[in-house]
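Coordinate analysis (summary)
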Amino acid sequence: MKKIAFFFLLNAGLFLGLSKSSAQNYVLDKTIALPGDGGYDYVFIDQPNHTLYASHGTEVNVVDLKTETVKGIISDMKGVHGIAVDNELNKGFISDGKADEVIVFDIKTLAVITRIPLDHKGADAIIFDPYSKKVFTFNGHSSSSCVIDPIAMKQIASIDMGGAPEFAVADGKGTIYNNLEDKSSLNVIDTKTLTVSKNYTLSPCGGPTGIAMDKANQKLFTVCRENKGLSVVDIPTGKVIQTLPIGAGVDAVVYDPAQKILVASNGDGTASIFKQNAPDTYSAVQTLTTQYRAKTMAIDLATHKLYFPVADYEQGTKTMKPGTFKLLVYRQQ
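Residues numbered from 1 in each chain as written. Predicted model: local features only at pLDDT ≥ 70, side-chain atom pairs only at ≥ 80, totals over all residues. Heavy atoms only, no water.

An unreviewed UniProt entry lists the protein chain under the name YncE family protein, with Mucilaginibacter rubeus as the source organism.

Spelled out as structure tokens, the structure:
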């Protein structure tokens, strides 16, 4: 009887282990057609309001993630890049790199409230820092960051970044980490003093773009185009502790703390997925086939679904087919 019970428990454990492993494989769930034409860049999810924002040329497409349907468009801009949200103020912020402005909108109505002029060119990435309660743009053309007061809705400072900034992430305790694409290094920004306090080399990383954070284990994840690698960075020391191989043309990376999963979105039509076995140990679990130039993405931490903005292209070209912009939605199997 004991042998039978042991055999049952052993097989039950194996079954649960297999179920857990298979749940980490992603499959295509659906596509969501989005209106309009034009290029695309960042996609951002406002988790508390279950809302996705996709930058799209001169507008932002807004999707209700509860129903996975389009709920509106924020338009009349010149060249959209990123979106950030301050939930306490019910305000959203869009970086318009061609207009050198940040557009402020009401996240409930999607109505534009105002346009904030910036004194530095090329606003690209944008984030809200919950510690300082400020909005930061990262300006690739001017190697700087503009700091915005979301209450006064005006620029109040700028920071010399010492290189061309890309994606950034805030730890919620007064520090922002930002990749410098042309320097292959990482800036540590003190949001109390509005200065760069440290800079770490990311070697062997070359051309870093996307960045994500494991706050609990004090790790950063940086994806790099030149060496096609995902670098795991130890925050206290600034050291690269592991570099994982990924696909070509990477732009974004996300981390799911509940599932201990890392995903890098590559422009070659793949997404590289890794399991965090321990804070310093990672293993490849899946190379997901997406679509050519599906290079950015966002993860819904409530459902664990992945959303990739992309359009169809004329074969062998970078020419988008009109009316084909959409979100590819992947779920865990």
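Having put the structure on the table, let's press on.
Let's talk about the sheet that holds strand β23 (residues 261-266)
One open sheet accounts for four strands, arranged β22-β23-β24-β25; its pairing is antiparallel. Here the strands that pair on one side only, and so sit at the sheet edges, are β22 (250-256) and β25 (281-289). Strand-to-strand, the axes of this sheet are offset by a mean angle of 20°, without reference to chain direction. (Pairing = 2+ DSSP bridges. Helix = DSSP H or I, 4+ residues; strand = E, 2+ residues; numbered from the N terminus. Axes fitted to C-alpha atoms, helices over the stretch in contact; angles between N-to-C directions.)

Thoughts on the packing of aromatic side chains
In total, this model carries seven aromatic pairs according to the counting rule given. Ring centres of Y42 and F167 lie 4.6 Å apart, and the angle between their planes is 50°; on these two criteria the pair is classed as tilted. With Y42 in strand β2 (residues 40-46) and F167 in strand β14 (residues 165-170), this pair connects stretches of sequence that are 125 residues apart. The residues Y42 and F167 share a single accessibility class, namely buried. Between F308 and Y330, the aromatic rings sit 5.5 Å apart at their centres with planes inclined by 80°, giving edge-to-face as the arrangement. Here the residue F308 occupies a position in strand β27 (residues 306-310), and Y330 occupies one in strand β28 (residues 326-332), the gap between them amounting to 22 residues. Accessibility expressed as a relative area gives 0% for F308, which makes it buried. Overall, the relative accessible area of 3% leaves Y330 in the buried class. An aromatic cluster is built from F221, Y255 and Y282, whose rings are joined through pairwise contacts. (Phe/Tyr/Trp six-rings, centres within 6.5 Å; stacked < 30°, edge-to-face > 60°. Buried < 20%, exposed > 50% of the residue type's maximum accessible area, 1.4 Å probe, protein only.)

Looking at the nonpolar core
The biggest cluster of nonpolar side chains holds 59 residues, and the ones touching the most others in it are L52, F138, Y177, L220 and L306. Residues F221, V232, L244 and Y255 belong to the second largest nonpolar core, which totals 14 residues. (Core = buried A, V, L, I, M, F, W, Y, C linked by side-chain atoms within 4.5 Å.)

Focus on the side chain of S55
Its location among the elements puts S55 in strand β3 (residues 51-56). A distance of 3.0 Å separates a polar side-chain atom of S55 from the backbone nitrogen of D41. At 3.2 Å, the side chain of S55 forms a polar contact with the backbone oxygen of H81. Not counting chain neighbours up to four residues away, the residues in contact with S55 comprise G39, Y40, D41, Y42, V60, V80, H81, I83 and F325. (Polar contact = N/O pair within 3.5 Å; in protein donor to acceptor, adjacent residues only side chain to side chain. Contact = heavy atoms within 4.5 Å.)

Focus on the sheet that holds strand β6 (residues 80-86)
Taken in spatial order, the four strands of this open sheet run β6-β7-β8-β9, and their pairing is antiparallel. One side of each edge strand has no neighbouring strand; the edge strands of this open sheet are β6 and β9 (112-117). Along the sheet, successive strands turn relative to each other by an average axial angle of 20°, direction set aside. By the bridge criterion, six bridges tie strand β7 (residues 91-96) to strand β8 (residues 101-106) in an arrangement that is antiparallel.

Some words on unusual backbone geometry
Of the consecutive residues S203 and P204, the connecting peptide bond is found in the cis state with omega at 15°. With respect to the element layout, P204 can be found in the loop between β17 (195-201) and β18 (208-214). At K133, a residue that is not glycine, the phi angle is positive and equals roughly 55°. Note on placement: K133 falls in the loop between β10 (123-129) and β11 (134-139). Positive phi outside glycine occurs at K228, with the angle close to 50°. For K228, the location among the structural elements is in the loop between β19 (219-224) and β20 (229-234).

Here's the deal with the pattern of salt bridges
Counted by the stated rule, this structure contains 15 salt bridges. Across the salt bridge formed by D29 and K30, the nearest N and O atoms sit 4.0 Å from each other. For D29, a relative accessible area of 26% puts it in the partly exposed group. A relative accessible area of 32% places K30 in the partly exposed class. Salt bridges linked by common partners bring D29, K30, E68, K305 and R331 together as one network. (Salt bridge = Lys/Arg side-chain N within 4 Å of Asp/Glu carboxyl O.)

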